[in-house]
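# Coordinate inspection notes
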Amino acid sequence: LSPSMHKWQGRSLYRPGVVTAMAAFVREAVTHPLRLGRAIAWWLGLTLVSPREFLIGLPELTTACCFARACRRFGVEHVHAHFASRALTLGVLLGILLARDVSCTVHAFDIFMRSGPNLRKRLRRCRFIIAISDFNVSYLRDKCGADIARRCTVVHCGIHGEGFPPRRRDFSNRIVSVARLAAKKGLDVAIEACRMLRERGVEFVYDIVGDGEERVHLETLIRQHH
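This report concerns the structure included in the present document. (Residues numbered from 1 in each chain as written. Predicted model: local features only at pLDDT ≥ 70, side-chain atom pairs only at ≥ 80, totals over all residues. Heavy atoms only, no water.)

## Points about a nonpolar patch on the surface
Test applied: Patch rule: a residue counts if its relative accessible area is over 30% and it has no salt bridge; like charges are joined within 9 Å, and nonpolar side chains (Val, Leu, Ile, Met, Phe, Trp, Tyr) within 5 Å. Note that accessible areas follow from Shrake-Rupley with a 1.4 Å probe, and for residues the cover is restricted to the protein chains shown. Salt-bridge detection follows one rule: a side-chain nitrogen of Lys or Arg within 4 Å of a carboxyl oxygen of Asp or Glu. Helical segments are the DSSP runs of H or I of at least four residues, strand segments are the runs of E of at least two, and each set is numbered from the N terminus.
A cluster of nonpolar side chains, contributed by F109, F112, M113 and F135, occupies part of the molecular surface with about 450 Å² of accessible area. With respect to the element layout, F112 can be found in helix α6 (residues 109-112).

In structure tokens, the structure reads:
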């Protein structure tokens, strides 16, 4: 592991068991009853937009109670959730319990598969929203309104290249995809694009790194397109 990974690995928290989470809920009721009441009120409001999200939000409520204690010990100043899904439900509840601002990173499935009211319920609690593309910002503007879109900042997925120097410099006409081999990753579209490049006489090498349920299908496409 890199030094930065070692630094954060020791401070990682994982979802507690049911008994631990329920004990944390009782503790919050005793030590921070008003904040817990606000968190419960927000959770109950989920019934107006999505009964399903209300039901699956219950374990997030008790988990937030468990995490709140650790976050106070850490001196957490801000809560950031990755994905506008159950993770953001947990993040919002945690933010209420801590009286801290909340933000979120939105990707794809988490926003494309939820209704506008469902998303607005969560996203309007965010001080800012990180979107991975301009398309996502436009999509949220259409689905959730201009107020939500104004909170968005685009940060493209990537890594700090200076921390991972290449072993060689010649990468001309080399394409690499690192992904779980699932249909939603769109690797079949990438293979089709490679077919078009080959037909146009473009020389290239395309490496797909990963594994998953679509592996056989992708291998078949590669053979079909030569």
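## Points about the packing of aromatic side chains
Basically, it comes down to this: Centre distance within 6.5 Å is the pairing criterion for rings of Phe, Tyr and Trp, where only the six-membered ring of Trp is used; planes under 30 degrees apart are then read as stacked, over 60 as edge-to-face, and the remainder as tilted. Exposed residues in this analysis have more than 50% of their type's maximum accessible area, buried residues have under 20%, and partly exposed residues fall in between, with area computed by a 1.4 Å probe over protein chains only.
Evaluated as defined, the whole model comprises four aromatic pairs. Judged by centre distance (4.6 Å) and plane angle (20 degrees), the rings of W43 and F54 are stacked. Of the two residues, W43 is situated in helix α3 (residues 33-45) and F54 in helix α4 (residues 51-74); the sequence distance between them amounts to eleven residues. Each of the two residues, W43 as well as F54, counts as buried. For the pair F112 and Y139, a centre-to-centre distance of 4.8 Å together with 80 degrees between the ring planes defines the contact as edge-to-face. Of this pair, F112 sits in helix α6 while Y139 sits in helix α8 (residues 134-144), and the two are 27 residues apart along the sequence. We classify F112 as partly exposed; its relative accessible area is 32%.

## Digging into the environment of L218
Threshold: When checking whether two residues touch, look at their non-hydrogen atoms; a contact exists if any pair is within 4.5 Å.
Position of L218 relative to the elements: it lies in helix α11 (residues 215-224). Judged by relative accessible area, L218 falls into the buried class, the value being 6%. Note: C-alpha distance between L218 and H156 (62 residues apart in sequence) is 26 Å. In contact with L218, not counting residues within four places along its chain, are L181, L187, D188 and I191.

## Focus: the pattern of salt bridges
Across all of its chains, the model carries 13 salt bridges by this definition. Notably, a salt bridge pairs R114 with E53, separated by 3.3 Å at the nearest N-O pair. With R114 in the loop between α6 and α7 (116-123) and E53 in helix α4, the pair connects residues that are 61 residues apart, well separated along the chain. What makes R114 buried here is its relative accessible area of 12%. For E53, a relative accessible area of 3% corresponds to the buried category. For E60, the salt bridge is made with R86, and the minimal N-O distance between the two is 2.6 Å. Pair noted here: E60 is in helix α4 and R86 is in helix α5 (residues 86-98), with a separation of 26 residues, a long-range link. Residue R86 is classed as partly exposed on the basis of its relative accessible area, which comes to 36%. Each of R52, E53, R114 and R122 takes part in salt bridges that share partners, so that together they form one network.

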